[in-house]
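Overview (structure and organization)
The residues making up each chain are set out below.
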Amino acid sequence: MVKGKIELLIKKKIENNFPNSYFFIENTSKKHKNHKQNIKGEETHFVITLKSHKFSKLTIIERQRYIINILGDEVINNVHSISFKLSLPKDKNINLLKE
């Protein structure tokens, strides 16, 4: 599947701010295409899985705030939903591969 402008922007921001971290971006927009409240477009819903040492002293909420701040208005204001799976590299409960 061809990656769109927003997905490429998310990828760039993660690569720039989390070097040497493991991440996976899943565009789940097709699953929501027929929902009444959904905004139109091919890049409306994402799931971001990210493992980084930068999360070591942050709570789950602080991790989410941190990544939302990095993504910025440029991403946040142009999608309907972003879900996060944010963990430390040592955590075994987060699978980076698409299920």
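Residues numbered from 1 in each chain as written. Predicted model: local features only at pLDDT ≥ 70, side-chain atom pairs only at ≥ 80, totals over all residues. Heavy atoms only, no water.

1. Description of the pairing of strand E2 (residues 45-51)
Of all seven residues making up E2, seven are buried, and the element is well covered by its neighbours. Residues His-45, Val-47, Thr-49 and Lys-51 point to one face of E2 and Phe-46, Ile-48 and Leu-50 to the other, with burial holding for every one of them. Direction of pairing for strand E1 (residues 22-27) relative to E2: antiparallel, over a ladder of six bridges. Directly across from Glu-26, in E2, lies its bridge partner Val-47. Note that E2 and strand E3 (residues 81-87) share seven bridges and pair parallel. When the sheet's bridge partners are listed, Val-47 is paired in E3 with Ser-83. For the segment spanning E2, helix H2 (residues 60-76) and E3, crossover handedness is right-handed. (Buried < 20%, exposed > 50% of the residue type's maximum accessible area, 1.4 Å probe, protein only. Helix = DSSP H or I, 4+ residues; strand = E, 2+ residues; numbered from the N terminus. Pairing = 2+ DSSP bridges. Right-handed = clockwise from strand over helix to strand, strands pointing away.)

2. Description of the side chain of Arg-63
Residue position: Arg-63 is located in helix H2. Excluding residues within four positions of it along the chain, Arg-63 makes contact with Phe-55, Leu-58, Leu-86, Ser-87 and Leu-88. (Contact = heavy atoms within 4.5 Å.)

3. A closer look at helix H1 (residues 5-17)
Residue pairs three or four apart in sequence face the same way in an α-helix, which turns once every 3.6 residues. Here H1 contains 13 residues, and its C-alpha end-to-end distance of 18 Å stays within 8% of the 18 Å for a straight helix at 1.5 Å per residue. Those residues of H1 not exposed but buried are Ile-6, Glu-7, Ile-10, Lys-13 and Ile-14. Here the buried residues of H1 occupy an arc of 125° about the axis, which is enough to place them on one side. Of the exposed residues in H1, those oriented more than 90 degrees away from the buried face are Lys-5, Lys-12 and Asn-16. As for H1, its buried residues are in contact with E1, E2 and H2. (Expected span 1.5 Å × (residues − 1). Arc of directions from axis to C-beta.)

4. Observations regarding the nonpolar core
Judged by nonpolar contacts, the single largest core of 18 residues is most densely connected at Ile-10, Ile-14, Ile-67 and Leu-71. Put simply, the parts of the chain that give this core at least two residues each are H1, E2, H2 and E3. Dropping the residues within four chain positions of it, Ile-14 is found in contact with Pro-19, Phe-23, Ile-25, Ile-48, Leu-50 and Ile-67. (Core = buried A, V, L, I, M, F, W, Y, C linked by side-chain atoms within 4.5 Å.)

Worth remembering: the numbers are spatial, not functional.
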